[in-house]
Each structure stands twice: as C-alpha cells, then as structure tokens.
Amino acid sequence: MSKTAPTPGGSGKASGAQKGKDAPPPPPEPLRVPVADSHTHLDMQSGTVEEALAKAASVGVTTVVQVGCDLAGSRWAAETAAAHESVWATVALHPNEAPRIVLGDPDGWSRQGARQPGGDAALDAALGQIAALAALPQVRGVGETGLDYFRTGPDGMAAQERSFRRHIAIAKEHGKALVIHDREAHDDVLRVLAEEGAPDTVVFHCYSGDAAMAKICAERGYHMSFAGNVTFKNAQPLRDALAVAPLDLVLVETDAPFLTPVPYRGRPNAPYLIPLTLRAMAEVKGVSEDTLATAVAANTARVFGY
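Residues numbered from 1 in each chain as written. Predicted model: local features only at pLDDT ≥ 70, side-chain atom pairs only at ≥ 80, totals over all residues. Heavy atoms only, no water.

A short note on the packing of aromatic side chains
Here is step 1: Taken as a whole, this structure holds 3 aromatic pairs when the rule is applied.
Here is step 2: A centroid spacing of 5.9 Å and a plane angle of 15° characterise the contact between Trp-88 and Tyr-306, whose relative ring orientation is stacked. Taken together, the residues span a long stretch of sequence, with Trp-88 in strand β3 (residues 87–91) and Tyr-306 in the segment after α11 (289–304) at a distance of 218 residues.
Here is step 3: In this structure, Arg-183 is placed above the aromatic ring of Phe-150, and the distance from its NZ or CZ to the ring centre is 3.4 Å.
Here is step 4: Between the NZ or CZ atom of Arg-265 and the centre of the ring of Phe-232, over which it lies, the distance is 3.7 Å. (Phe/Tyr/Trp six-rings, centres within 6.5 Å; stacked < 30°, edge-to-face > 60°. Helix = DSSP H or I, 4+ residues; strand = E, 2+ residues; numbered from the N terminus. Lys NZ or Arg CZ within 6 Å of the ring centre and 35° of its normal.)

Structure representation (structure tokens):
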C-alpha cells in the first residue's frame, strides 16, 4: 500500500479543477512486450475488475498481482485471483494493521472502522487465517508485510515485528514469495529478515531505500519493485537505487490507486499506467523499453511462479 495516505475523491458539486484531478489519465502508448503489474489494489480503485483488466491488457499489462492488506482484503484478493486468469493474489496483514488488531483503532482509520483492543491472541488468530489463505494455489505471495515507522508509533512496533516474523514463517511454510512494505524502517526490516532467515523469494514492494541498500538487497538476492514515485522530481535517491539494481532483480508496479507517475501525479493510478513508469525506469537503467519489459516480465513470472 502507498507510502502516502490516499486523497479523497470529489463528489457532488465538485469544482472543475477537482473533477480534472479525479479524472483517470489517458491510456499511454501500448508496450510492445507484455508485462505484469507486480503490486496493485484493485479493491481500492473505481470501476469493475473486468474493466481494469481490459484497460491494462490494451496497453500490454497482461497480468496483475492483487495485494491483500487485511483479512477482508486478503480474502477478496484470493477470490478475485480464482475468478480471473490474469490475476494472482498475495495475502497479509499490512504492518499498520497489526497494531490496530492488538491495540485497537478508536479513530477508525482503517477500512474496518473503530475497533477495540484484541491483544496478541487476536493477532495470532488473524495470522492463522492468513496462513490458511496462503495455502491456496492462486495465492502466490505473502504480503504486504514488514515494518512501517511512519504511521505507527513506538507503541505499535512490537505488534508489527511479531506480525512480520510470523508472515516470514508463513511464506517459508508454503513456499510463497514474501512481499515487503518498508517505510522508514530499512535497518530493522533487514535485521528481522536476517534473524528469521529470509524465504527463497523476497520482494521489496515500492522500493524506498537508497543505492547502498539496493546493493545489500542485490547481494542477498532480494527483488526490488519500483513504482510511479521513481518518476517524481524529488526521487533521485530512488533513481540512483534503480541504476545499481541488477536487471534480474527488478520489478515494476503501480501500487494503484496510489503513486501515479508523472505527468499525472495526484490523479488516480491503475495498472494501465504501468508503461509510463516502465519507460522512465528504462531511461534510468540505460536500456531499451523492450529490454526492460522482457526482464521484468520474466522476473515477475519467476517471483510469483506463474
């Protein structure tokens, strides 16, 4: 899920400017080599799944990985992947979801609304349900899990780490890719992976580290998935990281509806906009669009085993 909070859409008598901001960007020129969106949230996007998949396929995005962030979303991801040949699923409790389960969520920030504290027992029960979903054949990853020190304070760190460690075990138990959300927690994410022993396949979704961390990830065989924020003006550290990331460890994603690439930043993102990010990535890597598309297509298929 996004490194930034979603921007509410307009409704009712929205201004012309607001309507423009909420309008979907136009489709980009299609890719010549089909690729996958390695991380998206169709359940948070407007329109139907069928419409989103058709629009994506029309520009060469022929596969999408639907990512779960809580129990309801993970169940939905598994059901959607079962119903659509071009969709695969990952399931997990988002790092910010674990503290809500343990400590409660009086403000109702999450999609479930206000919740009472459930303690470690409630977290363990939820993780048990994630483990059951992870066994399904259409579920090809465990994530997004990890650590997020931006939205969750020190009181929630223990719950996050407990949840992260259990997700690592689930991924290893079922032989599935581990999809990591890492926000302002680079050192601790790498530490926990080392302490637990990483699964065979690890993906840093919406990679947010620098070039030095990218070299560590490469040494350990971790994949790095880049989103639309790699195109942002202030994202030179991300571009520096992409530049040193080995081609066989690079993926592309939308994290839609978040992180829409330039020149449509702030408008709704969707899988059909992958070509914009991929073309910007190819420029950073100094390779052709087709070369990068061929690599990321093979990488994503290998990571998620389809």
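Here we look at the pattern of salt bridges
Here is step 1: Counting across every chain of the model gives 14 salt bridges.
Here is step 2: The shortest N-O distance in the salt bridge between Arg-162 and Asp-120 comes to 3.8 Å. With Arg-162 in helix α6 (residues 157–174) and Asp-120 in helix α5 (residues 119–134), this pair connects stretches of sequence that are 42 residues apart.
Here is step 3: With relative accessibility at 38%, the residue Asp-120 sits in the partly exposed group.
Here is step 4: Linking Glu-196 and Arg-165 is a salt bridge whose minimum nitrogen-to-oxygen distance equals 2.5 Å. Residue Glu-196 is found in helix α7 (residues 186–196), and its partner Arg-165 is found in helix α6; the two are separated by 31 residues along the sequence.
Here is step 5: Among the residues examined, Glu-196 registers a relative accessible area of 30% and is labelled partly exposed. (Salt bridge = Lys/Arg side-chain N within 4 Å of Asp/Glu carboxyl O. Buried < 20%, exposed > 50% of the residue type's maximum accessible area, 1.4 Å probe, protein only.)

Here's the deal with unusual backbone geometry
Comment: phi is negative for the bulk of residues other than glycine, and the bulk of peptide bonds are trans.
Here is step 1: In this structure, Glu-144 follows Gly-143 across a cis peptide bond, with omega equal to 15°.
Here is step 2: The omega torsion of the bond from Ala-256 to Pro-257 falls at 15°, within 30 degrees of zero and hence cis.
Here is step 3: Mapped onto the secondary structure, Pro-257 falls in the loop between β8 (250–252) and α10 (274–285).
Here is step 4: Of note in the backbone geometry, Cys-206 takes a positive phi value of approximately 45° without being a glycine.
Here is step 5: Within the element layout of this structure, Cys-206 appears in the loop between β6 (202–204) and α8 (211–220).
Here is step 6: Residue classification places Cys-206 among the buried residues on the basis of a relative accessible area of 0%.

Regarding the confidence of the model for the protein chain
Here is step 1: Averaged over all residues, the pLDDT of the protein chain equals 93, while 94% of them reach at least 70.
Here is step 2: Overall, residues 3–16 carries pLDDT values under 50, and its contacts beyond four positions in sequence, including any with other chains, amount to 18 contacts. (pLDDT = per-residue confidence, 0-100. Contact = heavy atoms within 4.5 Å.)

Concerning the packing of α6 against α7
Here is step 1: Interaxial distance between α6 and α7 falls to 11 Å at its minimum, and their mutual angle equals 45°. Classified by the angle their axes make, α6 and α7 are oblique. Helix-helix and strand crossings are classified by hand; for α6 and α7 the assignment is right-handed. Between α6, through Glu-161, Phe-164, Arg-165, Ile-168 and Lys-172, and α7, the contact on the second element is made entirely by Val-189, Arg-191, Val-192, Leu-193, Glu-195 and Glu-196.
Here is step 2: In the contact of α6 with α7, the residues fall into 5 nonpolar, no polar and 6 charged. (Axes fitted to C-alpha atoms, helices over the stretch in contact; angles between N-to-C directions. Parallel < 35°, antiparallel > 145°, perpendicular 65-115°, else oblique. Left-handed = near helix turned anticlockwise from the far one by under 90°. Nonpolar A, V, L, I, M, F, W, Y, C, P; charged D, E, K, R; others polar.)

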